[in-house]
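Chain and residue survey
The residues making up each chain are set out below.
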Amino acid sequence: MNKVRTRFAPSPTGYMHIGNLRTALFTYIIAKKNGGDFILRIEDTDQGRLVEGATDVIYKTLRDCGLNWDEGPDVGGPVGPYIQSERMGMFKQYAVELVEKGEAYYCFCDKERLEEVRAIQEASGIMPMYDRHCRDLSKEEVQAKLDAGIPYVIRQKVPTEGEVTFHDELYGDITVPCSTLDDQILIKTDGMPTYNFANVVDDHLMGITHVVRGNEYLASAPKYNLLYNAFGWEVPKYIHVEHIMKDKQHKLSKRDGDASYQDLMEKGYLTPAVLNYIALLGWAPKGEQEIFTLEELIEEFDISGLSKSPAIFDAVKLKAINGEYIRKLSIDEYLENALPYIKKAVKREDIDVKRIAQLLQPRTELFTDIPEQIDFIDELPEYENALYCHKKMKTNEENSLESLKDILPVLEGLSDWTEENIHEALFKLIEEKGVKNGIILWPLRVAVSGKSFTPGGGIELCVILGKDESIARIRKGIEKLS
Ligand code: GLU
């Protein structure tokens, strides 16, 4: 068997849609799973306008994700150039080869004629297609027109009868009647290849064995097959993957703000979490495990796990997976990522940010959520007394007032403000009063934070805030409840 060679062939748009990144991921995985090569080819010819820096976005995204290519524009390789615009001179000879084989022909029809044909077809309700006017010109007629310098395109001679069957590893055989296929243009008037032609020739010249791409290309696949057949080239294995949807009706688009790798980075997601999540979009692992490193994905991945129905982007699940990755970070790694967000909410200089980080880490699903989780540190927010009433803790305004009044002297009396000391003192109080922990600890948490959800409980928060601030907030609570 030939060595497996896969390629990722993005167009540089300045933007890495997560659907494209997923294509890159599956393409990479298939290569690496089979001990093959992963090739990067930049398809920059099918674009109205080039976006500056767009190729760098591709390089950076793939590198961040660890999808390193064995051959590509910047690393070179034996079948370059790997930027399509630098290959433009290579295609015409292949189209001429097809003309010589009787599989393609020169077409000299001008724009006016083509428009007329189209208008007539449309008026009579026929699917617009080239009417094959030049298909049967004699050799002499063609030569005379070429000699006269009449502009031409080269078109493929699609069989007029029969069917063409195209095989996709996921969708199986797809058969279409040849009569529905146009004699597509291979080489345009300016001598440049059409996108479909360049794509096929490039894949062949680069020895590509497996093509993974979005299923928006599925409809053109039979035409690709005819081209391979016309050349007598081996057809690579095709795997068309389903769209990623925002909901049942709509594709996830740029406007949705979650659609690109960059969007997700700006929102504070971790790269390995994003990569893990997008692997699960349209691919189901065999077992229950959902958290995979790239190496594990290579191990686990199987084409049979790919889905034929569109995957729906689930931000809640992505967030949960991100949380799993955040919990796996060392505290220093966590702090490095979290610090800018902690600093957004906490301007006080005397606060132990590492301690805050320790409290936050088990509760962070997204770094950008941090400021809101700790916005009570610098300043106690306004809060409703209703927060003191907690059904499960069996607290109400009355017993909370009592508890805060009991807590105040106990904490004021502590000379050494450490977590152990506060803990010990409060549990002694709990024991003396013969109450459940929540009766003391819930009112404390509310009084020092003004919130019901906090990273850490009352004791930890007291340590973070320091003695004076904690005492002041407890007094404030007593005042509010009195
Ligand atoms: N350049 C195409 C794209 O970015 C890729 C087509 C293919 O993979 O064959 O969508």
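For the structure, check the block above.
So, here's what we can say about the structure. Not measured: the values here are computed from a predicted model.

**A word on the overall build of the protein**
A count of helical and extended segments in the protein gives 19 helices and 11 strands. For 482 residues, the compact-globule formula gives about 23 Å, and the C-alpha radius of gyration of the protein, at 33 Å, lies well above that figure. Structurally, the protein occupies a C-alpha span of about 110 × 50 × 40 Å along its principal axes. For the protein, the proportion of contacts with a sequence separation of at least 24, taken over those separated by at least 6, is 74%.

**Some points on the site of the ligand**
Surveying the vicinity of the ligand reveals the residues Arg7, Ala9, Pro10, Ser11, Glu43, Tyr195, Asn199, Arg213 and Tyr217. Interatomic distance of 2.5 Å between a side-chain N/O atom of Arg7 and an oxygen atom of the ligand. Within the side chain of Arg213, one N or O atom sits 2.9 Å away from an oxygen atom of the ligand. Look at the ligand: alone it shows 300 Å² of surface, and the protein chains cover 88% of it.

**Brief notes about the packing of aromatic side chains**
Inspection of the entire model under this criterion finds 20 aromatic pairs. Between Tyr224 and Tyr238 the ring centres are 6.5 Å apart and the planes differ by 85°, which places this aromatic pair in the edge-to-face class. One end of the pair, Tyr224, is in helix α7 (residues 221-231); the other, Tyr238, is in strand β9 (residues 237-241), and 14 residues separate them in sequence. For the pair shown, Tyr224 and Tyr238 are each scored as buried. Counting every residue linked through ring pairs, the aromatic cluster contains Tyr94, Phe197, Tyr228, Phe231 and Trp233. For Arg155, the ring lying beneath its charged end belongs to Tyr130, and the centroid distance is 3.7 Å. For the cation-ring pair, Lys254 lies above Tyr15, with the distance from its terminal atom to the ring centre recorded as 4.5 Å.

**As for the nonpolar core**
Membership of the largest hydrophobic core comes to 104 residues, with the highest contact counts inside it found for Leu25, Leu62, Leu67, Ile342 and Leu411. Sorting elements by how many residues they give to this core places helix α1 (residues 18-33) first, with 9 residues. In terms of nonpolar packing, the next biggest core, distinct from the first, is built from 33 residues, Met88, Tyr106, Phe197 and Val211 among them.

**Quick word on the packing of helix α17 (residues 437-449) against helix α18 (residues 458-465)**
The relative placement of two packed helices is expressed as an angle between their axes plus a distance between the axes. Following both chains from N to C, one finds α17 and α18 inclined at 35°, their axes separated by 8 Å at the closest point. Handedness of the α17/α18 crossing: left-handed. Facing Leu441, Leu444, Arg445, Val448 and Ser449 of α17, the residues of α18 in contact are Gly458, Ile459, Leu461, Cys462 and Leu465. Class assignment for the residues of the contact of α17 with α18 results in 7 nonpolar, 2 polar and 1 charged.

**A word on the environment of Gln373**
Turning to its location among the elements, Gln373 is positioned in helix α14 (residues 370-373). Placed 61 residues apart in sequence, Gln373 and Gly434 show a C-alpha to C-alpha distance of 32 Å. When neighbours within four sequence positions are excluded, Gln373 is seen to be in contact with Leu360, Arg363, Thr364, Lys451 and Pro455.

**Observations concerning the pairing of strand β5 (residues 163-168)**
Here β5 shows a clear split, with Val164, Phe166 and Asp168 buried on one side and none of Glu163, Thr165 and His167 buried on the other. With 6 bridges joining them, β5 and strand β6 (residues 172-177) adopt antiparallel strand pairing. If you follow Val164 over to β6, its bridge partner there is Val176. What sits between the antiparallel neighbours β5 and β6 is a turn of 3 residues.

**Details of the side chain of Ser260**
Its place among the elements puts Ser260 in the loop between β10 (244-245) and α8 (261-266). Apart from residues lying up to four places away in sequence, Ser260 is in contact with Tyr15, Met16, His17 and Ile18.

**A few points about a negative patch on the surface**
A cluster of like negative charges, contributed by Asp110, Glu112, Glu115 and Glu116, occupies part of the molecular surface. As for its placement among the helices and strands, Glu112 is situated in helix α4 (residues 111-123). Relative accessible area serves as the criterion here: at 53%, Glu112 is assigned to the exposed category.

Calculation notes
- Throughout this document, residue positions are counted from 1 along each chain, in the order its sequence is written.
- Whole-chain, interface and lining totals are the exception, using all residues; otherwise, since this is a predicted model, local features are given only for residues with pLDDT of at least 70 and side-chain atom pairs are given and counted only at 80 or more.
- The side-chain figures draw on all heavy atoms in the structure; neither hydrogens nor water molecules are used.
- Secondary structure elements are defined from DSSP: runs of H or I of at least 4 residues count as helices, runs of E of at least 2 residues count as strands, and each element is numbered from the N terminus.
- For a compact globule the rule gives 2.2 Å times the number of residues to the power 0.38, and the radius of gyration it is set against comes from C-alpha atoms.
- Note on contacts: a residue pair qualifies if any of its non-hydrogen atoms lie within 4.5 Å across the two residues.
- Residues are classed as near a molecule or strand on a simple rule: at least one heavy atom within 4 Å of it.
- Pairs of N or O atoms within 3.5 Å make up the polar contacts considered here, provided that, within protein, one atom can donate a hydrogen while the other can accept it, and that residues adjacent in sequence are counted only when both atoms are side-chain atoms.
- Here the open area of atoms and residues is found with the Shrake-Rupley method and a 1.4 Å probe, where only the protein chains shown may cover a residue.
- Any two of the Phe, Tyr and Trp rings considered here, Trp counted by its six-membered ring, make a pair once their centres fall within 6.5 Å; the pair's planes then place it as stacked at under 30 degrees, edge-to-face at over 60, or tilted in between.
- Categorising residues by exposure relies on relative accessible area from a 1.4 Å probe, with only protein chains included: less than 20% of the type maximum marks a residue as buried, more than 50% marks it as exposed, and the intermediate range marks it as partly exposed.
- Only lysine NZ and arginine CZ atoms are considered, and such an atom sits over a ring when it is within 6 Å of the ring centre and within 35 degrees of the ring normal.
- Only buried residues count toward a nonpolar core. Its members are Ala, Val, Leu, Ile, Met, Phe, Trp, Tyr and Cys residues joined through side-chain atoms within 4.5 Å.
- What counts as an axis is a line fitted to C-alpha atoms, over the stretch in contact for a helix, and the angles between N-to-C directions run from 0 to 180 degrees.
- In this scheme, a crossing is called left-handed if the near helix is turned counterclockwise away from the far one by less than a right angle; it is called right-handed if the turn is clockwise.
- Amino acid classes used here: Ala, Val, Leu, Ile, Met, Phe, Trp, Tyr, Cys and Pro are nonpolar; Asp, Glu, Lys and Arg are charged; the rest, including Gly, are polar.
- Any two strands are treated as partners once DSSP identifies two or more bridges connecting them.
- Patch building starts from residues that exceed 30% relative accessible area and form no salt bridge, then joins like charges within 9 Å and nonpolar side chains (Val, Leu, Ile, Met, Phe, Trp, Tyr) within 5 Å.
- The salt bridge criterion pairs a side-chain nitrogen of Lys or Arg with a carboxyl oxygen of Asp or Glu, the two atoms within 4 Å.
- All tallies of charge rest on Lys and Arg as positive and Asp and Glu as negative; His and the ends of each chain are not included.
- A charge is said to be at NZ when it belongs to Lys, at CZ for Arg, at CG for Asp and at CD for Glu.

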